[in-house]
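# Structure at a glance
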Amino acid sequence: MGTRRTERRGPGRPVQSRSRDTRGEILAASSSLFSASGYVGTSLRHIAREAGVDLATVKYHFGDKAVLYREVYTRGHAKFLAELGPPLMRLGTAQTHEELRALVRELARGAVAFSVCERDFIRQMHYRTLELSEDVTNVVADLQQEALDVVAQGFAALDARGLIRPVDVRALLSFMLLCVPMWVVAAPERPDLVGPPGPDSGVWTERLESFVSSVFERVLLEDRPG
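Residues numbered from 1 in each chain as written. Predicted model: local features only at pLDDT ≥ 70, side-chain atom pairs only at ≥ 80, totals over all residues. Heavy atoms only, no water.

Within the protein chain, the regular secondary structure consists of 10 helices and 2 strands. Reading the secondary structure of the protein chain in the N-to-C direction produces β-β-α-α-α-α-α-α-α-α-α-α. Within the protein chain, the fraction of its 226 residues that count as buried is 42%. The long-range fraction of contacts in the protein chain, counting pairs at least 24 apart against all pairs at least 6 apart in sequence, stands at 69%. In the structure as shown, the protein chain presents an accessible area of about 12,100 Å², 53% of it carried by carbon and sulfur atoms. (Helix = DSSP H or I, 4+ residues; strand = E, 2+ residues; numbered from the N terminus. Buried < 20%, exposed > 50% of the residue type's maximum accessible area, 1.4 Å probe, protein only. Contact = heavy atoms within 4.5 Å. Areas by Shrake-Rupley, 256 points an atom, 1.4 Å probe, with all protein chains shown as cover.)

Time to look at the pattern of salt bridges. With the rule as written, the count across this model stands at 8 salt bridges. One salt bridge connects E131 with R128, and the closest N-O pair in it is separated by 3.2 Å. Relative accessible area serves as the criterion here: at 7%, R128 is assigned to the buried category. Notably, a salt bridge pairs D192 with R190, separated by 2.8 Å at the nearest N-O pair. (Salt bridge = Lys/Arg side-chain N within 4 Å of Asp/Glu carboxyl O.)

Working definition: an aromatic ring pair is given by the centre-to-centre distance plus the angle between the planes. Throughout the structure, instances matching the rule amount to 8 aromatic pairs. A ring pair is formed by Y39 and Y69, whose centres lie 5.2 Å apart and whose planes are at 75°; its orientation type is edge-to-face. Placement of the pair is Y39 in the loop between α1 (22-37) and α2 (44-51) and Y69 in helix α4 (residues 65-91), with a sequence separation of 30 residues. We classify Y39 as buried; its relative accessible area is 4%. Measuring from centroid to centroid gives 6.0 Å for W183 and W204, while their planes differ by 45°, and the two rings are tilted. Pair noted here: W183 is in helix α8 (residues 169-186) and W204 is in helix α10 (residues 202-221), with a separation of 21 residues, a long-range link. Owing to a relative accessible area of 23%, W183 belongs among the partly exposed residues under this scheme. Here the aromatic cluster, defined as three or more aromatic residues joined through ring pairs, consists of F34, Y39, Y69, Y73, F80, F114 and F121. Cation over ring: K65 sits above Y39, and NZ or CZ is 4.3 Å from the ring centre. (Phe/Tyr/Trp six-rings, centres within 6.5 Å; stacked < 30°, edge-to-face > 60°. Lys NZ or Arg CZ within 6 Å of the ring centre and 35° of its normal.)

Glancing now at α8. Taking 1.5 Å as the rise per residue, α8 with 18 residues should run 26 Å; its terminal C-alpha atoms sit 25 Å apart, in good agreement. Among the residues making up α8, those that are buried are V169, L172, L173, M176, L177, V180, P181, V184, V185 and A186. Of the surrounding elements, those touching the buried residues of α8 are α4, α5 (97-117), α6 (119-130), α7 (134-160), α9 (191-194) and α10. (Expected span 1.5 Å × (residues − 1).)

Another point: the nonpolar core. With 63 residues, the main nonpolar core has L68, L91, F155 and F216 as its most contacted residues. Ignoring anything within four residues of it in the chain, the contact list for F216 reads V104, L107, F155, L172, M176 and L221. (Core = buried A, V, L, I, M, F, W, Y, C linked by side-chain atoms within 4.5 Å.)

Structurally, the position occupied by T137 is in helix α7. On the basis of relative accessible area, T137 is assigned to the partly exposed category, the value being 31%. Sequence separation between T137 and R70 is 67 residues, and the spatial gap between their C-alpha atoms is 9.7 Å.

Let us look at the environment of A51. Checked against the element boundaries, A51 lands in helix α2. A51 sits 24 residues away from L27 along the chain, and the two C-alpha atoms are 8.5 Å apart.

This paragraph deals with α10. A turn of α-helix holds 3.6 residues, and therefore any two residues three or four places apart point the same way. Taking 1.5 Å as the rise per residue, α10 with 20 residues should run 28 Å; its terminal C-alpha atoms sit 28 Å apart, in good agreement. Of the positions making up α10, those classed as buried are W204, L208, V212, S213, V215, F216, L220 and L221. Those residues of α10 that are buried lie in contact with α5, α7, α8 and α9.

Below, the structure is given as structure tokens:
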């Protein structure tokens, strides 16, 4: 039986298997642990153990915990913009109230799907609202502002056409990104929060999509004709 080839990357650097995506495994382990225990509650030693590598390997690839967290969070944020950026921007293309309602429903479906599929990032996002570590606060604030800017552009176009009433974009975004995703994340462990049918049912997903749509429609269109 042949042995698996390994490579030493330089003096003092850890030996790595050529067939192993060590960096990717560290990122996956980090995402899981940061979502479970937050930034403050997770150490590089925890991450190394979860990834099945030694501490020196983690430090070689990422340097320190703050750098690693930034990459994990930035990747989640990039997925958020890739999934929800387009439907958010499409809101601004609506020419009539009926078009806007259809686009709101599209956005609601995307928001619920993202919350269900990207629970690690949703949990990390919620931890960031509670943890105030200066190591990562600035980069997260910058990314959150980027997301807010995407939403604001679409809403500004709608406002210019007189299709929506004046909206506090930051308040609406804060509600949608904090309250609704937290409901999704908590549902499997606390099904009593959502009530029957439970979070594994398609009916529950439809209920949530309908709720998100109704919130947007009430905020954007209430007291508007058509």
